[in-house]
Amino acid sequence: MQTLDWIVLSASLIFIVVYGVWKGRGSEDITGYFLANRSMRWYTVLLSIMATQASAITFLSAPGQAYVDGMRFVQFYFGLPIGMVILSITAIPIYHRLKVHTAYEYLENRFDLKTRTLASLLFLAGRGLAAGLTIYAPALIFTVILGWDIHWTNLIIGTLVIIYTASGGTKAVNWTHFYQMMIIMFGMFAAFFMIVINLPDGVSLLEATHLAGKLGRLNAIDFGFDWNNRYNIWSGILGGMFLQLSYFGTDQSQVQRYLTGESITQSRLGLLLNGIVKIPMQFFILFIGAMLFAFYQFEAPPVFFNSAEIAKVQASDHAREYNFLEVQYKQAHEQKKLRARQMVLALQSEDEKNITAAQQHLLRADADAQEIRNKAIALMQKNDPGMDPKDTNYIFLSFVTKYLPAGLVGLIIAAIIAASMSSTSGELNALASTSIVDIYKRMLRRKGSDRHYLTSSKIATVLWGIYAILFAEYASRLGSLIEAVNILGSLTYGPILGIFLVGFYFKKIGANATFYGAFLAEAAVLYCFFFTDIAFLWYNPIGCLGVIFFAYLLQPMFETQTS
Amino acid sequence: MKQKTTENQQADPPPPFFKSWNGWYALVLLNLAALILLFYAFTRYFQ
């Protein structure tokens, strides 16, 4: 990074913190601190929802995912618009009319205290771990690509977030989300523009798109049904819908965003517009990855984008073998480059026969290069059995640092850090509101003053922030456990959603049947996780429908007990 | 801590552009259907 990059990066981050602190002034009670006095317009709600959902990994990983696996990941979001409509009809009016501060407050109103507490604790456990990873994951990538110290990176990102989130609460979070999304989108458009202008002479954007398509990277839709296939249209619409319903309807980090809407109308508009713009945005980010793939048909990519692993293998006894593979890979790339050129000429000739023949040659050259890459990865694994064989998270940032001009590199890194900060601030804000409203105020100290709860909320935000930083610092020692932590959310989301859906739609089912039904459904989800290969998106419908099913079965038993 | 769940408080402003929220819900779902069709055409065209 050059001086100009540091100036752009520092200015962007300082602006976010100062603006957040300034906009967040003036809260006098927890309604002001956690819900911005329910004063937000739809556009702030919309951008805040989007910024909370889109973490740094979204922007780092999605282009890499399209580079390696194509654009089929976009189907993951197909359930989101349906979820937004369902929540606009059900959850938003109920939450607004009850004037709740957290989603879990509703559960006590509908069921009882133990159900509210169970849902709150599940949220605190899952989201608490996730907040640490939201800081750690991008910090790890910066360490590898930019050589930053991971501990300082964790500490600085975490501290910046704590400053404005603790001082200004939700007002600061929502308003900084607004500008963070602006920086993020500007950064992504700039990156896309730079990929296009870095394409070699004689290769247009349309031809690059054709090239990516011929190599299977524009596979946005897959109608094939397979329980074990993570991303197809069915798992996206059905599994995705349940996941998005859980996330937006029952996860306080999202619920809190739209509870800040000044009316049902403003909250609904925020959610529904998210249902309209989210998929095109995700498609665009994935398309950047597909274009990056087309770009690297003409520019030699590294064998593996995680340079730290390359350095490890080059310093080991396998160095000679690896260097040989690297030479082979370069030769294979030259062959592939030639075939890609032929493909472009065939496309320009518009002769179907030529195009088909060129595609076959190109696919073969791509498979040859891939085979050498796989051998290199296998060698790295032999050298370091604990290494992650995926390098998707490093692809986009490698391109940015190598091919983009000074200033723009700083802007894109600022965009990625802004994404990390936006998710983390939403999470800390929600962790604090749940801790204070559902646990402290409800069970430990019921008759405090407004000032007391406001101060407690700020302290809770700082404590959760410190916890997130400490977890991020510790995460590097967790190794493969990190994946387990990531999956944790999917294990609990379905049953939590089930509890809420029983509350919304099954008026005859009572608290005890729902509470114990949730335990049985959770057991079913855990069984699927430990003993089957069912893709994780299906855990959400299984958990959710499981609660409804078991609660329905158990209800007569509890009715008998009561009578 | 049972709270009242009565239909209450101030009247909520109507949705913009449509007479009722059903128009908005239809718009979101039609947009999803259009995107799926568009992506399908995109996948097929560039395959």
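What you see is a predicted model; the values in this text were computed from it and never measured.

Caption draft 1: Summary view of the nonpolar core. If you look at the biggest cluster of nonpolar residues, it comprises 198 residues, and the most contacted ones within it are Y95 and M421 of chain A. In contact with Y95 of chain A, other than residues within four places in its own chain, are V100, A103, Y106, G249, V255, Y258, L259, F500 and F504 of chain A.

Caption draft 2: Representation of unusual backbone geometry. Of note in the backbone geometry, N37 of chain A takes a positive phi value of approximately 55° without being a glycine. Of note, N37 of chain A is situated in the loop between α2 (30–35) and α3 (42–53). Look at F17 of chain B: it is not a glycine, yet its phi comes out positive at around 75°. Tracing the sequence through the fold places F17 of chain B in the segment before α1 (21–46).

Caption draft 3: Summary view of the side chain of Q252 of chain A. Residues and elements named next belong to chain A. By the element assignment, Q252 lies in helix α12 (residues 252–259). Given the relative accessible area of 0%, Q252 is considered buried. A distance of 3.1 Å separates a polar side-chain atom of Q252 from the backbone oxygen of H101. Residues contacting Q252, with those up to four places away along its chain left out, are H101, T102, A103, Y104, F123, A430, S433 and T434.

Caption draft 4: Representation of the environment of M380 of chain A within the structure. All names here are of chain A. Mapping M380 onto the fold places it in helix α16 (residues 352–383). With a relative accessible area of 0%, M380 lands in the buried category. Along the chain, M380 and F304 lie 76 residues apart, while their C-alpha atoms are 9.7 Å from each other.

Caption draft 5: Structural detail: the domain arrangement of chain A. Residue and element names in this part refer to chain A. By the assigned domains, chain A splits into domain 1 (3–296 + 402–477), domain 2 (307–387) and domain 3 (478–563). Its C-alpha centre places domain 1 at a distance of 35 Å from the equivalent point of domain 2. Around 1,200 Å² of area is buried between domain 1 and domain 2 when both sides are counted, 65% of it from carbon and sulfur atoms. Considering only the side of domain 1, the residues that lose the most area to domain 2 are L211, K214 and L215, jointly responsible for 45% of the buried surface there. Applying the counting criterion to the domain 1 and domain 2 interface returns zero salt bridges. It is helix α10 (residues 205–214) that provides the largest number of residues to the side of domain 1 that touches domain 2, a total of four residues. Here the side of domain 1 that touches domain 2 is built from residues that sort into seven nonpolar, two polar and four charged.

Caption draft 6: Layout of the interface of chain B and chain A. Each side of the interface is counted separately: chain B has 30 residues, and chain A has 43 residues. In total, chain B and chain A occlude about 3,200 Å² of area from one another, counting both sides; carbon and sulfur atoms represent 69% of this. Counting across the interface, chain B meets chain A through zero salt bridges. Taken together, the links from chain B to chain A amount to seven residue pairs in polar contact (both at pLDDT 80 or more).

Caption draft 7: Just the packing of aromatic side chains, in detail. Applying the stated criterion across every chain, the model contains 55 aromatic pairs over all chains. Summarising the aromatic geometry, the rings of W42 of chain A and Y43 of chain A are spaced 5.6 Å apart at their centres and angled 85° between planes, so their arrangement reads as edge-to-face. Residue W42 of chain A is classed as partly exposed on the basis of its relative accessible area, which comes to 31%. A residue is classified by how much of its surface remains accessible, and Y43 of chain A, at 33% relative accessible area, is partly exposed. Pairing F295 of chain A with Y403 of chain A gives two aromatic rings, centres 4.9 Å apart and planes at 80°, and the pair type is edge-to-face. Of this pair, F295 of chain A sits in helix α13 (residues 264–295) while Y403 of chain A sits in helix α17 (residues 392–403), and the two are 108 residues apart along the sequence. One aromatic cluster is present, formed by F78, F189, F192, F283, F284 and F287 of chain A together with F39, F42, Y45 and F46 of chain B through successive ring pairs. Taking NZ or CZ as reference, K114 of chain A lies 5.1 Å from the ring centre of F515 of chain A, over its face. A cation over a ring is seen here: R217 of chain A above F293 of chain A, with NZ or CZ 4.0 Å from the ring centre.

Caption draft 8: Expanded view of the side chain of S420 of chain A. Residues and elements named next belong to chain A. One can find S420 in helix α18 (residues 408–444). The class of S420 is buried, set by a relative accessible area of 1%. Here the side chain of S420 touches T134 through a polar contact of 3.2 Å, landing on its backbone oxygen. The contact partners of S420, leaving out residues within four places of it in the chain, are A56, T134, I135, P138 and I157.

Caption draft 9: Highlighting the packing of helix α8 (residues 113–146) of chain A against α18 of chain A. Residue and element names in this part refer to chain A. Running from N to C, α8 and α18 point in directions that differ by 160°, and their axes come no closer than 9 Å. As summarised for this structure, α8 and α18 are arranged roughly antiparallel, according to the angle between their axes. Here α8 and α18 pass one another in a crossing that is left-handed. Residues belonging to the contact of α8 with α18 are distributed by class as follows: 18 nonpolar, nine polar and five charged.

Caption draft 10: Summary view of the pattern of salt bridges. Residues and elements named next belong to chain A. Counted by the stated rule, this structure contains 12 salt bridges over all chains. The salt bridge partner of R41 is E262, with a shortest N-O separation of 3.0 Å. Here R41, found in the loop between α2 and α3, pairs with E262, found in the loop between α12 and α13; they are 221 residues apart in sequence, far enough to count as distant. Under the relative-accessibility criterion, R41 is labelled partly exposed at 34%. Overall, the relative accessible area of 36% leaves E262 in the partly exposed class.

Calculation rules
- Residues numbered from 1 in each chain as written.
- Chains lettered and ligands numbered in written order.
- Predicted model: local features only at pLDDT ≥ 70, side-chain atom pairs only at ≥ 80, totals over all residues.
- Heavy atoms only, no water.
- Core = buried A, V, L, I, M, F, W, Y, C linked by side-chain atoms within 4.5 Å.
- Buried < 20%, exposed > 50% of the residue type's maximum accessible area, 1.4 Å probe, protein only.
- Contact = heavy atoms within 4.5 Å.
- Helix = DSSP H or I, 4+ residues; strand = E, 2+ residues; numbered from the N terminus.
- Polar contact = N/O pair within 3.5 Å; in protein donor to acceptor, adjacent residues only side chain to side chain.
- Domains from an automatic or database assignment.
- Buried area = accessible area lost by both parts, 1.4 Å probe.
- Salt bridge = Lys/Arg side-chain N within 4 Å of Asp/Glu carboxyl O.
- Nonpolar A, V, L, I, M, F, W, Y, C, P; charged D, E, K, R; others polar.
- Phe/Tyr/Trp six-rings, centres within 6.5 Å; stacked < 30°, edge-to-face > 60°.
- Lys NZ or Arg CZ within 6 Å of the ring centre and 35° of its normal.
- Axes fitted to C-alpha atoms, helices over the stretch in contact; angles between N-to-C directions.
- Parallel < 35°, antiparallel > 145°, perpendicular 65-115°, else oblique.
- Left-handed = near helix turned anticlockwise from the far one by under 90°.

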